[in-house]
Amino acid sequence: MDTIASLFSFITTPVSWVIVQFHKVYGSIFGPDTGWAWGLSIVSLVILIRICLIPLFVKQIKSTRAMQTLQPEMKKIQERYKNDKQRQSEEMMKLYKETGTNPLSSCLPILAQSPFFFALYHVLNGIATGDKIGVINEQLLESARKAHIFGAPLAAKFTDGSAKVEALGASLTDVRVVTAIMIVLMSASQFFTQRQLMTKNVDTSVKTPFMQQQKMLMYVFPVMFAVFGINFPVGVLVYWLTTNVWTMGQQMYVIRNNPTPGSKAQAAYLERLHKNVTHHGGTRRRSEKAIVKAIVAKGRDRNEAERKFINALSKAGFVAQADGVVTKGEAQAVGQTEDGTPTGGAAAKRQQPKRQSKSRRQSATPKAAGETTSLVKSEEPEDDKPSGTAGAAGAKPAAKPGSAGRSKAQSGQRKGGPQRPKSPSKK
C-alpha cells in the first residue's frame, strides 16, 4: 500500500486540503472534534468529486448506448469468425473505429475516481497511525483521531485488533458492528444499481454476451466490495457508500428521463410522455422533442413501444412532426401509422366494396330478371296483347326479336318442341 500511496501522493495534498476546508465549515456547526464534522467533510468531498465527473458520466452513458447498439453486429462477427480469434479481434477493432466507440469509456468514472480514493485512504491511514499527511497538522490529526461515527473511530477497520481499537478510544464490538452494517449497505447499493440497469435499461430484444457479462457483474461487484470492505477504514467506507448512493440516484434519473431504446424504462417513459402531450397539447421540453424526433426518424425501424406511442398519439388526434414537435391534428390531417406510412387525407386508401356470397348473387338474379320483364310489359301497348284464354292467363307479350331470344336463353327453355324437364340443381 505504501507503493500505491506514493504513486498517488501528488493528489494527497489537494484531497487533504479540501477535507480541511469542509471541516472548518461543519466544525463551526457540530464542533471540530465530532464525527459529524469529519464524516460530512468526507461526504462533501464525494459530492464535489462526482459533480466534477458528470461530463465523464455523460460520456459513459453515450458509450454504453453505442455498445448496446453494436451488439447485433458484434454477434455476427463472433459467429462468422468463431474459429479465428485473431481475425475476430481485428474485425471488432475495425467496427469500433468505424462507429467511433470505445469499450473502455464505460470505465472512465471509476478510473477517474481511483486517485481520489487512494489519496483519501492514505490520509485516513495516516490519521490511524498518527502521521501528518498533506495539510493536516498535529492539531487536526488529534481532532480526527477523536472523531467517532456511531461509536466507531474514523480510522478504525473491521480487521483491527482490540488493542488498536482501544488506543483510538472505542470498543471492538462497536467498530465491527458499524463497519459490518456499512459494508452490507455498500454492497447492497452496488447490487441495486447494477440490477436496475439490467432489468429496466437494457434492450430486451437483443440477447448478446455483453448482457451476460453485465449480469455476471451484478453479482461479482457486491462480493468484491464485501471482501475489500473489511480492510477499509470507517472514513473510506463512508466515502464509498456515499459514492454508491450518488451513482444509484444518478442512474435512476438517467433511466427515468433518457432510457435505452427497446427497454422497459423506455416503454414507461413513452407512456408518461403520451399523458403529458395529451394533457398540455404538445411537447414542451427540449428533451421530449429530441426523443420524439428520434422516434419519427426511425420510420419502419421503430420498436414495439415506439409504435404504440405513435398509434396512441394518432388515436388522440395528435401528429408527431419530423422536428419533434407534437401538434393537434385536424380532421383531414395526415398522420403516421405504426410502420411510418402516411394515413388520412389524399393518402388514405379507397375502401373496396365487400364481395357478395354465391347464394346472395343467385337470389339477386331472378329479381333483376323480374324487374326487366315488368319494364317490358309496361312499355308494350295494350292493343298488342293477345285475347282469349292466353291473355287471361297473363301470357307474355310479343317482344323484340333480339330480346325474345335472350329472354328464352336466360330461362333455359327451347325455342320449339317439347320442353325438357328441369333437373334438380346440384349444390
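Residues numbered from 1 in each chain as written. Predicted model: local features only at pLDDT ≥ 70, side-chain atom pairs only at ≥ 80, totals over all residues. Heavy atoms only, no water.

Draft legend 1. Expanded view of the packing of helix α13 (residues 264–280) against helix α15 (residues 304–315). Two elements in contact, α13 and α15, have axes separated by 9 Å at closest approach and are oriented at 10°. Taken together, the axes of α13 and α15 lie roughly parallel to each other. When you trace α13 past α15, the crossing you get is right-handed. Between α13 and α15, the residues in contact are Q266, A267, L270, L273, H274 and V277 and A305, E306, F309, A312 and L313, respectively. (Axes fitted to C-alpha atoms, helices over the stretch in contact; angles between N-to-C directions. Helix = DSSP H or I, 4+ residues; strand = E, 2+ residues; numbered from the N terminus. Parallel < 35°, antiparallel > 145°, perpendicular 65-115°, else oblique. Left-handed = near helix turned anticlockwise from the far one by under 90°. Contact = heavy atoms within 4.5 Å.)

Draft legend 2. Layout of the packing of α13 against helix α14 (residues 286–298). The interhelical angle for the contact between α13 and α14, taken along N-to-C directions, is 115°, at an axis separation of 12 Å. Taken together, the axes of α13 and α14 are roughly perpendicular relative to one another. For the pair α13 and α14, the crossing hand works out as left-handed. Of the residues in α14, those in contact with Y269, L270, L273 and N276 of α13 are S287, E288, I291, V292 and I295. Of the residues belonging to the contact of α13 with α14, the class tally is six nonpolar, two polar and one charged. (Nonpolar A, V, L, I, M, F, W, Y, C, P; charged D, E, K, R; others polar.)

Draft legend 3. The environment of T173, seen in detail. By the secondary structure assignment, T173 is in helix α10 (residues 172–200). Judged by its relative accessible area of 56%, T173 falls in the exposed class. With 11 residues separating them in the primary sequence, T173 and S162 have C-alpha atoms 9.0 Å apart. (Buried < 20%, exposed > 50% of the residue type's maximum accessible area, 1.4 Å probe, protein only.)

Draft legend 4. The environment of G100, seen in detail. Along the chain, the position of G100 falls in the loop between α6 (85–99) and α7 (108–129). Residue G100 is classed as exposed on the basis of its relative accessible area, which comes to 66%. Separated by 34 residues in sequence, G100 and A66 have C-alpha atoms that sit 8.8 Å apart.

Draft legend 5. Broad picture of a nonpolar patch on the surface. Residues M216, V220, V223, M224, V227 and F228 make up a contiguous nonpolar surface patch of roughly 530 Å² in combined accessible area. Tracing the chain through its elements places V220 in helix α11 (residues 209–229). (Patch = residues over 30% accessible without salt bridge, like charges linked within 9 Å, V, L, I, M, F, W, Y side chains within 5 Å. Areas by Shrake-Rupley, 256 points an atom, 1.4 Å probe, with all protein chains shown as cover. Salt bridge = Lys/Arg side-chain N within 4 Å of Asp/Glu carboxyl O.)

Draft legend 6. Unusual backbone geometry, seen in detail. A positive phi is found at F150, a non-glycine position, where the angle reads about 55°. Within the secondary structure, F150 is located in the loop between β1 (148–149) and β2 (152–153). Residue F150 is classed as exposed on the basis of its relative accessible area of 69%.

Draft legend 7. A look at α14. The end-to-end C-alpha distance of α14 is 19 Å, a good match for the 18 Å that 13 residues give at a rise of 1.5 Å each. When α14 is considered as a whole, its buried residues turn out to be E288, I291, V292, I295 and V296. Taken around the axis of α14, the buried residues stretch over an arc of 135°, which confines them to a single face. Relative to its buried face, α14 has exposed residues pointing more than 90 degrees away, namely R286 and A297. Just past α14, the residue G299 takes up positive phi, approximately 65°. (Expected span 1.5 Å × (residues − 1). Arc of directions from axis to C-beta.)

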